[in-house]
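# Examining the three-dimensional arrangement
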2 protein chains.
Amino acid sequence: MTKPRGRGRPKGGTDSRSRILAAAIEEFGERGYEGATIRSIAARAGVDSALVHHYFGTKADLFADAADVPLRPDVVVPIILSGPRDEVGERIVRYVLESFERDDVRRRGVMLLRTAVGGKVGSPLIIGFLTRELLPRVARRLDVPDAELRAELVASQIAGMLMIRYVLGVKPIADAPIDELVARVGPTIQRYLFD
Amino acid sequence: MTKPRGRGRPKGGTDSRSRILAAAIEEFGERGYEGATIRSIAARAGVDSALVHHYFGTKADLFADAADVPLRPDVVVPIILSGPRDEVGERIVRYVLESFERDDVRRRGVMLLRTAVGGKVGSPLIIGFLTRELLPRVARRLDVPDAELRAELVASQIAGMLMIRYVLGVKPIADAPIDELVARVGPTIQRYLFD
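Residues numbered from 1 in each chain as written. Chains lettered and ligands numbered in written order. Predicted model: local features only at pLDDT ≥ 70, side-chain atom pairs only at ≥ 80, totals over all residues. Heavy atoms only, no water.

## Here's the deal with the relation of the copies chain A and chain B
Between chain A and chain B, which share one sequence, the superposing operator has a rotation angle of 180° and an axial displacement of 0.0 Å; the RMSD is 0.0 Å. Classification of the inter-copy transformation places it as that of a two-fold axis. Interface overlap between copies: 100% of the residues of chain A at the interface are likewise at the interface in chain B, consistent with a symmetric, same-surface contact. (Least-squares fit on C-alpha atoms with pLDDT ≥ 70 in both. Contact = heavy atoms within 4.5 Å.)

Following this line, the structure appears as structure tokens:
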């Protein structure tokens, strides 16, 4: 049963708040941090700019809330790396692609990729995530030399694939089945990690 | 012998024109298409906004001029692909990285990556380059099945590497010697193309 959504101007409440957040993720995702404005986000959410300020403060504050990824490297990394070692590469590619099939993950992921690469504001966010959260955790669990370089090479291939598939949307990668990409890219990840 | 550059306000001429273009490449590169403005580009070049309009027209026109890459896939692709087949992967990685050591190529390359991924304006440019210029040329020269998918997988890894090394600047990829990256990434490219 879906709750009918009124067409009138919202008076506030959790519904407006979550619509503003969704609108922010889409605006930042499409136009980058610099291009999106409180006004454009408010228009997209169907609310007054004042309401956006009321709930989220400045554009920078709103961006921080929108960029709060539900991705927990401390949970995910051990699970992915702890299975059979010769399947780790394929498991990583499959995990990432299947996550991006979820609308909420994909929208936020595209927003983060766009803002991280697109300008000065998003970059520290993704650089911090890579250097403090993701790479050291992966590196610590690999008993191989050059673990940080290996982890970052993995990140470079995963990021490039996500960018072409989801941000730019260029075929044939954009519409390739997940199994196909797992078979092609999985061995790359495997080789970067262990060869 | 270098020509002394006057500190006064430039009156125009080819020197101003090339400084505006260089400033545009840096502004678009740092702030993305949406974030850069005619005003900020003029300030960076030390000229009036009116002079920018005079030489280049609108921001979109200026972007088109700044994005005019001196990269000729019709020249480069045959050379890279026509040497010994088992070294093609390494040759591609080395060619790209050595090109990016040149200041002019790197600045323009960073600008293109940032604007292509960062928003709606740059994306069609890089999508057009990939789908019309680069991928078909590579695919035509490969006598393998799935040539377009293979070429695009190559592009995904090269783009991811360039982004981490030159746009985000995250170590250890950011300061790895070219030979190291050629040895690590070359076999990936080789496998995507021929395995």
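## Focus on the nonpolar core
Most often, soluble globular proteins have nonpolar side chains that are buried together. Core analysis: the largest hydrophobic core is formed by 139 residues, its most contacted members being Phe28 of chain A together with Phe28 of chain B. In contact with Phe28 of chain B, not counting residues within four places along its chain, are Tyr33, Ala36, Ile41, Lys59, Leu62, Phe63, Ala66, Met111, Arg114 and Thr115 of chain B. (Core = buried A, V, L, I, M, F, W, Y, C linked by side-chain atoms within 4.5 Å. Buried < 20%, exposed > 50% of the residue type's maximum accessible area, 1.4 Å probe, protein only.)

## Observations concerning the UniProt feature "DNA-binding region" (unreviewed entry) in chain A
If you check UniProt for "DNA-binding region" (unreviewed entry), the listed places come out as residues 37-56 of chain A in our numbering. Secondary structure across residues 37-56 of chain A divides into 80% helix and 0% strand, with the first and last C-alpha atoms of the span separated by 13 Å. (UniProt positions renumbered as here; feature names shortened; annotations may be inferred. Helix = DSSP H or I, 4+ residues; strand = E, 2+ residues; numbered from the N terminus.)

## Looking at the environment of Glu101 of chain B
On the secondary structure map, Glu101 of chain B appears in the loop between helix H6 (88-100) and helix H7 (103-118). Distance in space between the C-alpha atoms of Glu101 of chain B and Ile178 of chain B is 9.8 Å, their sequence separation being 77 residues.

## Overview of the interface of chain A and chain B
Many analyses report the size of an interface as the accessible area lost when the parts associate. With 44 residues of chain A at the contact, the number on the chain B side is 44 residues. Counting each side, the surface lost to burial between chain A and chain B is near 3800 Å², with a carbon and sulfur contribution of 62%. Looking at the side of chain A facing chain B, the largest losses of area belong to Val117, Glu152 and Arg184 of chain A, adding up to 17% of the total buried there. Counting across the interface, chain A meets chain B through 2 salt bridges. Between chain A and chain B we count 14 residue pairs in polar contact (both at pLDDT 80 or more) in total. Of all elements in the fold, only helix H1 (14-35), helix H7 (103-118), helix H8 (122-141), helix H9 (147-168) and helix H10 (178-194) of chain A reach the threshold of two or more residues within the side of chain A that touches chain B. Element by element, the count of residues in the side of chain A that touches chain B is highest for H9 of chain A, at 14 residues. Looking at the side of chain A that touches chain B residue by residue, the class counts come to 21 nonpolar, 10 polar and 13 charged. (Buried area = accessible area lost by both parts, 1.4 Å probe. Salt bridge = Lys/Arg side-chain N within 4 Å of Asp/Glu carboxyl O. Polar contact = N/O pair within 3.5 Å; in protein donor to acceptor, adjacent residues only side chain to side chain. Nonpolar A, V, L, I, M, F, W, Y, C, P; charged D, E, K, R; others polar.)

## Quick word on the side chain of Lys59 of chain A
All names here are of chain A. For Lys59, the position within the fold is in helix H4 (residues 59-66). At 2.8 Å, the side chain of Lys59 and the backbone oxygen of Ala36 are in polar contact. Ignoring anything within four residues of it in the chain, the contact list for Lys59 reads Phe28, Tyr33, Glu34, Ala36, Thr37 and Ile38.

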